[in-house]
Amino acid sequence: MSLEPRTDPNPPTAGPETPAKGPAIDAQALHQEILDLGTQGMVMNMGPQHPSTHGVLRLILTLDGEEVMACEPMIGYLHRGLEKMAERRPYRHFLPFTDRLDYVCSLANNLACAQAIERLAGVEVPERAQWLRVALMELNRIASHLLFLGTFGTDLGATTMLLYAFREREEALALLEAITGARLTYNWIRVGGLPDDMPETWDEGVLAFCDLLESRLPEYDRLLTDNPIFRRRTEGVGVVSSEDAKAYGLTGPTLRASGVAYDIRRWAPYEKYAEIDFDVVVLRDGDTFARYLARRLELEQSVRILRQVFDKLPEGPIASKVGKVLKPPPGIAFSQVESPRGELSFTMVSDGSPNPVRVHIRAPSFANLTVLADLVVGNKVADVVAILGSIDIVLGEVDR
Amino acid sequence: MMERDFGSALRTALAGLPEGAVESLEVSGSVATLRVNLGSLRAVLESLKSSPEAACDFPANLTAYDTGEEMFLVYRLASIERGWQALVLCRVDRSEPVAPSVTDLWPGFNWFEREVYDMFGVRFEGHPDLRRILLPDDWEGFPFRKDYVSRPSGSPLRGPQPIDRGAQG
């Protein structure tokens, strides 16, 4: 198996020969064999207090030695009833709550919520606000993907990666703090635009950060992408075929790593994404390594998008006038936003009153997690950590 | 352009269904809204998925809403290749909500159906494992139904409890 450092910027397609793992083991036959022998598998609870479940996820694993025979994810430990809270207050009052969904990328939640209200009430957003929203989305996406790189490396024992990723993430958070005043729960998207314009010279800071990040990407590649241990732990592990990926409703990098080109930014462009030149990262292998690489390559695309935003950013107002009391006409509307984890969609139903009848949040992590149980069967316990890490869930939005 | 193509694709896909299966069909841009009769719900979803014209084979979303008088299931199926999506609304009986499960067509809807059961009490017939998913297994009532009224229990471990109307007279 050759593990030369790769200089080819294109994603690997075939990859070095790795013996295929996973589906070769028939879990049911194995289970039957164990039953025939009169022994039984060991049931192990992984979580809800386990550092590599990235939150309060509990996996009930049935093990045969090191191998997983069955897996049942238990969720709901972080359920706060956010959707119910939304029904009990006027539309706009729900925006700060959305920060607490996917708390690694709060701005995507703010945007998805604001967009659903805007579509329901027919509110227009000024050009400048749309461009700035794109910049905020991409900056937050970079911060989120950097967190993924760091924690995923840590999951697999490459703890150094966390320090490198957080070094750059700190810069991204400082830029977001400069505009929103917060480092994690930004609450910076309003119905009809943004609460305030960007500070002066903020664009220069963002462009400088783009250069910095780009110069640091080769370091990440040396640490992870070209790391023989990392690749042996991830290549060929937890393969999802493109048919399965679609049937399970996976979205985001998890889906695109399996060869399906579905990126809301391109598929159903919102804000100004239709006017921006960027590539949708699609890989073919569908394994843990491909899911990692998809996010690593998306960093480059986000940098590309950020640079274009400040080339095209027009002058003008940053919010349109919206009445104090918002009473959207009766109907149903949904928004679609490409969050770092996939398709984030708010469905809102109005009956003409100031409070929504129903707000449903289609969280990408919730849908992506459904595939986990089938994916880990037949793999080793240590691979469960790798596969779960590569799906990149945030329990705040799984449980809502 | 897309509106016309999608409209005709949908009509071809749904041509074989009995009359009255689709109560209304509106296409606006790349989104079609269908109101479907509960009896034909599964047949409609199956046709949308398998028809080569409509090709709505991606399970984008499934939820429900309750207005207090009526309860609806809301399915959203997308066609990644064609770039369009169908919003399928279906009224279910509020007093005893039952709907056919589509987990065999889309395993991705497994958890979504469990969530709708958890919050609205809709029983999906044919679901392999219909249990609560977000709320504790011993939770009483279905919180997203508009007739669900809760009061604080005083215990952070138990959370709000539904009011037993019989006991209060």
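Residues numbered from 1 in each chain as written. Chains lettered and ligands numbered in written order. Predicted model: local features only at pLDDT ≥ 70, side-chain atom pairs only at ≥ 80, totals over all residues.

Colleague: Which residues make up the overall build of chain B, and what are the values?
Modeller: Scanning chain B for helices and strands turns up four helices and nine strands. What you see in chain B, going N to C, is helices and strands ordered as α-β-β-α-β-β-β-β-α-β-β-β-α. Long-range pairs, those at least 24 residues apart, make up 47% of the contacts in chain B with a sequence separation of at least 6. (Helix = DSSP H or I, 4+ residues; strand = E, 2+ residues; numbered from the N terminus. Contact = placed C-beta atoms within 7 Å.)

Colleague: Quick one: what's the story with the packing of helix α4 (residues 106-121) of chain A against helix α5 (residues 127-155) of chain A, residue by residue and with numbers?
Modeller: Each packed pair of helices is defined by two parameters, the angle between the axes and the distance between the axes. All names here are of chain A. Running from N to C, α4 and α5 cross one another at 145 degrees; their axes reach a closest spacing of 8 Å. Within the contact between the two elements, α4 uses Leu107, Ala108 and Leu111 and α5 uses Arg133, Leu136, Met137 and Asn140. Its residues assigned to classes, the contact of α4 with α5 shows five nonpolar, one polar and one charged. (Axes fitted to C-alpha atoms, helices over the stretch in contact; angles between N-to-C directions. Nonpolar A, V, L, I, M, F, W, Y, C, P; charged D, E, K, R; others polar.)

Colleague: Quick one: what's the story with the domain arrangement of chain A, residue by residue and with numbers?
Modeller: All names here are of chain A. Each domain of chain A was delimited in the assignment, giving domain 1 (27-74) and domain 2 (83-399). Relative to domain 2, the C-alpha centre of domain 1 lies at a distance of 31 Å. Each side of the interface is counted separately: domain 1 has 19 residues, and domain 2 has 18 residues. Elements with a minimum of two residues in the side of domain 1 that touches domain 2: β2 (58-64) and β3 (67-74). For the side of domain 1 that touches domain 2, the per-class residue count stands at 12 nonpolar, four polar and three charged. (Domains from an automatic or database assignment.)

Colleague: Lay out unusual backbone geometry with the relevant residues and their values.
Modeller: Where the residue is not glycine, phi is negative for most of them; where a peptide bond is considered, it is trans in most cases. Residues and elements named next belong to chain A. Of note, the phi angle at asparagine 187 is positive, near 50 degrees, even though the residue is not glycine. Among the structural elements, asparagine 187 can be located in the loop between α6 (160-180) and α7 (202-225). By the C-beta count within 10 Å, which is 18 here, asparagine 187 ends up partly exposed. The backbone of threonine 201 shows a phi angle near 65 degrees, a positive value even though the residue is not glycine. Relative to the assigned elements, threonine 201 resides in the loop between α6 and α7. (Buried ≥ 20, exposed ≤ 12 C-beta atoms within 10 Å, placed from the backbone.)

Colleague: Describe the environment of Pro269(A), with residues and values.
Modeller: Residues and elements named next belong to chain A. Along the chain, proline 269 falls in the loop between α11 (264-267) and α12 (288-312). Residue proline 269 is classed as partly exposed on the basis of its 15 C-beta neighbours within 10 Å. Along the primary structure proline 269 and serine 320 are separated by 51 residues, whereas in three dimensions their C-alpha atoms are 21 Å apart.

Colleague: I'd like to hear about the sheet that holds β3(A), residue by residue, with values.
Modeller: All names here are of chain A. One open sheet accounts for three strands, arranged β1-β2-β3; its pairing is antiparallel. What marks the edges here is a single partner per strand, and that holds for β1 (42-46) and β3. Direction aside, neighbouring strands of the sheet carry axes that sit 20 degrees apart on average. As judged from the five bridges shared by β1 and β2, these two strands associate in the antiparallel manner. Bridging across to β2, methionine 42 finds its partner in leucine 63. (Pairing = 2+ DSSP bridges.)

Colleague: Describe the packing of α5(A) against α7(A), listing the residues and the values that go with them.
Modeller: All names here are of chain A. Where α5 contacts α7, the two axes come as close as 13 Å, and the packing angle between them is 25 degrees. Between α5 and α7, the interaxial angle falls into the category roughly parallel. Relative to α7, the crossing made by α5 is left-handed. Residues Ala135, Leu139, Ile142, Leu149 and Gly153 of α5 form the contact with α7, whose participating residues are Val206, Leu213, Tyr220 and Leu224. When grouped by side-chain class, the residues that make up the contact of α5 with α7 number eight nonpolar, one polar and no charged. (Parallel < 35°, antiparallel > 145°, perpendicular 65-115°, else oblique. Left-handed = near helix turned anticlockwise from the far one by under 90°.)

Colleague: Describe the interface of chain A and chain B, and please don't skip the residues or the numbers.
Modeller: Counting residues at the interface gives 25 residues for chain A, matched by 22 residues for chain B. Listing elements by their share of the side of chain A that touches chain B, those giving two or more residues are α9 (242-247), β6 (342-350), β7 (358-362) and α13 (364-369) of chain A. A per-element tally of the side of chain A that touches chain B places β6(A) first, with four residues. Its residues assigned to classes, the side of chain A that touches chain B shows 11 nonpolar, seven polar and seven charged.

Colleague: Could you give me a rundown of the sheet that holds strand β5 (residues 84-92) of chain B, with the residues and numbers involved?
Modeller: Residue and element names in this part refer to chain B. In space, the five strands of this open sheet follow the order β1-β2-β5-β4-β3, with mixed pairing throughout. Sheet topology places β1 (22-28) and β3 (58-66) at the edges, where each strand pairs with a single neighbour. Mean inter-strand twist for the sheet, computed between neighbouring axes without regard to direction, equals 15 degrees. Taken together, the eight bridges between β3 and strand β4 (residues 71-79) define a ladder with antiparallel strand orientation. Paired with aspartate 66 across the bridge in β4 is methionine 71. Helix α1 (residues 2-13) contacts β1, β2 (31-36) and β5 of the sheet and is inclined by roughly 160 degrees relative to β1. Contacting β1, β2, β4 and β5, helix α2 (residues 41-50) runs over the sheet at an angle of about 175 degrees to β5.

Colleague: Help me get a handle on the pairing of β4(B), residues and values and all.
Modeller: Residues and elements named next belong to chain B. For β4, the buried fraction is high: eight of the nine residues fall into the buried class. Between the end of β3 and the start of β4, which pair antiparallel, lie four residues, with glycine 68 showing a positive phi angle near 105 degrees. Note: β4 against β5, nine bridges, orientation antiparallel. Paired with leucine 73 across the strands is cysteine 90, a residue of β5.

Colleague: Break down α4(A) for me, citing the residues and quoting the values.
Modeller: All names here are of chain A. Under the 1.5 Å per step criterion, the end-to-end length of α4 is 23 Å for 16 residues, consistent within 8% with the ideal 22 Å. By the criterion of burial, α4 is predominantly enclosed, with 15 of the 16 residues buried. After α4 finishes, the residue glycine 122 shows a positive phi value of roughly 65 degrees. (Expected span 1.5 Å × (residues − 1).)

Colleague: Can you tell me about the nonpolar core, naming the residues and giving the values?
Modeller: In globular proteins that are soluble, nonpolar side chains generally tend to be buried together. Grouped together as the largest cluster of nonpolar side chains are 168 residues, with contacts concentrated most on Leu139(A) and Val88(B). In terms of residue count, the dominant contributor to this core is α5(A) (15 residues). Each of domain 1 (27-74) and domain 2 (83-399) of chain A gives at least three residues to this core. Apart from residues lying up to four places away in sequence, Val88(B) is in contact with Leu34(B), Val36(B), Val44(B), Leu45(B), Tyr75(B) and Leu77(B). (Core = buried A, V, L, I, M, F, W, Y, C linked by C-beta atoms within 7 Å.)

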